[in-house]
Amino acid sequence: MKKTFLTGTAILALVLSLAGCSKKASKTITLKLGTCGTLVEEIFQPAKETLKKEGINLEIVQFSDFVTPNRALNSGDIDLNAMQHRVFFANDCATNGYKLSAIGNTYLIPMHFYSNKVKAVSEIKDGDTVAIPNDVTNGGRALKILESAGLIKIRNGAAFSPTIKDIEKYNVKIVIKELAANLVAQALNDVTAAVINGNYAVDFGIKPETAILQDTTLIIPEYWCLIAVKTDNLKDPEKVKIYDKLVKAFHTEETLKIYEKHNGSLVAVGWDEDLLKEYR
């Protein structure tokens, strides 16, 4: 009878133990973070490992373009995204009525001017084709770079993100070819030169030091990249705590080591800004 009782007690203890483990395991939270390009996935790896220790599973969801991640975030298909700079974010939210908010700054990605056909901007001649991103904000940034290269003159009074219609003068009669940002790097061999987003340049093995002109827009804060969430979720204190953990896990020396590894493809910016302060 005594042995039977002890065995039953042991079994009960085991069941309770397993139930406790199951309950503990159920507390693991999965956050789906949308992004574009393998570079961003790489730089979030240290944060992913840190968050895992705190019961947060950071799942990276890759998108092939810059348009879909905000749509997916707004609809709730993902929990956060990190793939855009401030001006693109503001324009996309205003255009589509998205209710999204930034919770942390990440980096600035240079958009350098590359060519596999000429070694200097001065070699670009009339009739040559130059590729740029076709979205308003990255396209406008690219046009500013072409202006700094001396190829075009943008009219005074143009909006922050100018379009081809804002070109007042072609100093060199180039043909500007607008392509989806993720396709510009692929087209480099088919055009004379191209202004390429840094994350896609990395994906295609294009080195910043090979650019025929370095990005001239690096000092503009509107091009700082960010982490975004649904604005309504910031009303939930528990979600804010999780977001805070994610931002802090990203703003570390381990992340900076990855920045340094890519030799100028990423620049840390705005890490001293606490964008979640008002929600705590």
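Everything discussed here concerns the structure shown above.
Residues numbered from 1 in each chain as written. Predicted model: local features only at pLDDT ≥ 70, side-chain atom pairs only at ≥ 80, totals over all residues. Heavy atoms only, no water.

1. Points about the overall build of the protein
Inference 1: A tally of regular secondary structure across the protein gives 10 helices and 11 strands.
Inference 2: Its C-alpha atoms give the protein principal-axis dimensions of about 100 × 35 × 30 Å.
Inference 3: For the protein, the proportion of its 280 residues judged to be buried stands at 47%.
Inference 4: Counting contacts in the protein only where the partners sit at least 6 residues apart, residues at least 24 apart contribute 76% of the total.
Inference 5: On the protein, roughly 14200 Å² of surface is accessible, and the fraction owed to carbon and sulfur atoms is 55%.
Inference 6: Considering the protein, the positive charge centre built from 34 side chains and the negative charge centre built from 33 side chains are found 7 Å apart. (Helix = DSSP H or I, 4+ residues; strand = E, 2+ residues; numbered from the N terminus. Buried < 20%, exposed > 50% of the residue type's maximum accessible area, 1.4 Å probe, protein only. Contact = heavy atoms within 4.5 Å. Areas by Shrake-Rupley, 256 points an atom, 1.4 Å probe, with all protein chains shown as cover. Lys, Arg positive; Asp, Glu negative; His and termini not counted. Charge placed at Lys NZ, Arg CZ, Asp CG, Glu CD.)

2. Description of the packing of aromatic side chains
Inference 1: In the structure shown here, the tally under the stated rule is 7 aromatic pairs.
Inference 2: Summarising the aromatic geometry, the rings of F44 and F250 are spaced 4.5 Å apart at their centres and angled 35 degrees between planes, so their arrangement reads as tilted. Taken as a pair, F44 in the loop between α2 (38–43) and α3 (45–52) and F250 in helix α9 (residues 237–250) lie far apart in primary sequence, 206 residues in all.
Inference 3: An aromatic cluster is defined as three or more aromatic residues linked by ring pairs; in this entry it consists of F44, Y107, F250, Y259 and W271.
Inference 4: The ring of Y223 has R141 lying over it, and the distance from NZ or CZ to the ring centre is 4.6 Å.
Inference 5: Its end group placed over the ring of F160, K144 keeps NZ or CZ at 3.6 Å from the ring centre. (Phe/Tyr/Trp six-rings, centres within 6.5 Å; stacked < 30°, edge-to-face > 60°. Lys NZ or Arg CZ within 6 Å of the ring centre and 35° of its normal.)

3. Things to note about the side chain of T35
Inference 1: Along the chain, the position of T35 falls in strand β1 (residues 29–35).
Inference 2: In this structure T35 comes out as buried when scored by relative accessible area, which is 0%.
Inference 3: Filtering out sequence-adjacent residues up to four positions away, T35 remains in contact with V40, I60, V61, Q62, F63, A82 and M83.

4. Regarding the sheet that holds strand β11 (residues 225–230)
Inference 1: In spatial order, the strands read β2-β1-β3-β11-β4; together these 5 strands make up an open sheet with mixed pairing. The sheet is open, and its two borders are formed by β2 (56–62) and β4 (100–105), each paired with just one other strand. Strand-to-strand twist in this sheet, taken as the mean axis angle between neighbours without regard to direction, amounts to 30 degrees.
Inference 2: As judged from the 3 bridges shared by strand β3 (residues 80–85) and β11, these two strands associate in the antiparallel manner. Bridged to N81 within β11 is A228.
Inference 3: Those strands touched by helix α5 (residues 86–96) are β3, β4 and β11, and its axis lies near 110 degrees from that of β3. (Pairing = 2+ DSSP bridges. Axes fitted to C-alpha atoms, helices over the stretch in contact; angles between N-to-C directions.)

5. Remarks on the sheet that holds strand β5 (residues 111–114)
Inference 1: Read across the sheet, 4 strands follow the order β5-β10-β6-β9 without closing on themselves; strand pairing throughout is mixed. Lying at the two open borders of the sheet, with one neighbouring strand each, are β5 and β9 (175–179). Averaged over all adjacent pairs, the angle separating strand axes in this sheet is 20 degrees, with direction ignored.
Inference 2: Sheet topology places strand β6 (residues 129–133) next to β9; 5 bridges connect them, and they run parallel. By the bridge assignment for β9, I132 is matched with E178.
Inference 3: On the sheet, helix α6 (residues 136–148) packs against β5, β6, β9 and β10 (193–197) and is oriented at approximately 140 degrees with respect to β6.

6. Focus on empty space enclosed by the protein
Inference 1: Summed over all chains, the structure comprises 2 cavities of 30 Å³ or more.
Inference 2: Size it by volume and the largest cavity reaches roughly 130 Å³.
Inference 3: F66, M83, Q84, N197 and C225 are, among the 14 residues lining the largest cavity, the residues nearest its centre.
Inference 4: Looking at the lining of the largest cavity, the elements that each hand over two or more residues are β3 and α6. (1 Å grid on protein atoms, 1.4 Å probe; cavity = no way out; pocket = protein on both sides within 12 Å on 5 of 7 lines; lining within 4 Å. Points joined across faces, edges and corners; volume = space filled by probe spheres on them.)

7. Considering the pairing of β6
Inference 1: Within β6, 4 of the 5 residues are buried, which leaves it mostly tucked inside the rest of the structure.
Inference 2: Across 2 bridges, the pairing between β6 and β10 is parallel. Paired with V130 across the bridge in β10 is A193.

8. Quick look at the nonpolar core
Inference 1: Counting 32 residues, the largest nonpolar core has I43, F44, L80, I103, Y107 and L246 as its most contacted members.
Inference 2: Per-element tally for this core: the top contributor is α9, with 7 residues.
Inference 3: Ignoring sequence-local partners within four residues, the contact set of F44 consists of L33, L58, I60, A82, I227, L246 and F250.
Inference 4: In this structure, C36, L73, F88 and A201 belong to the second largest nonpolar core, which totals 29 residues. (Core = buried A, V, L, I, M, F, W, Y, C linked by side-chain atoms within 4.5 Å.)

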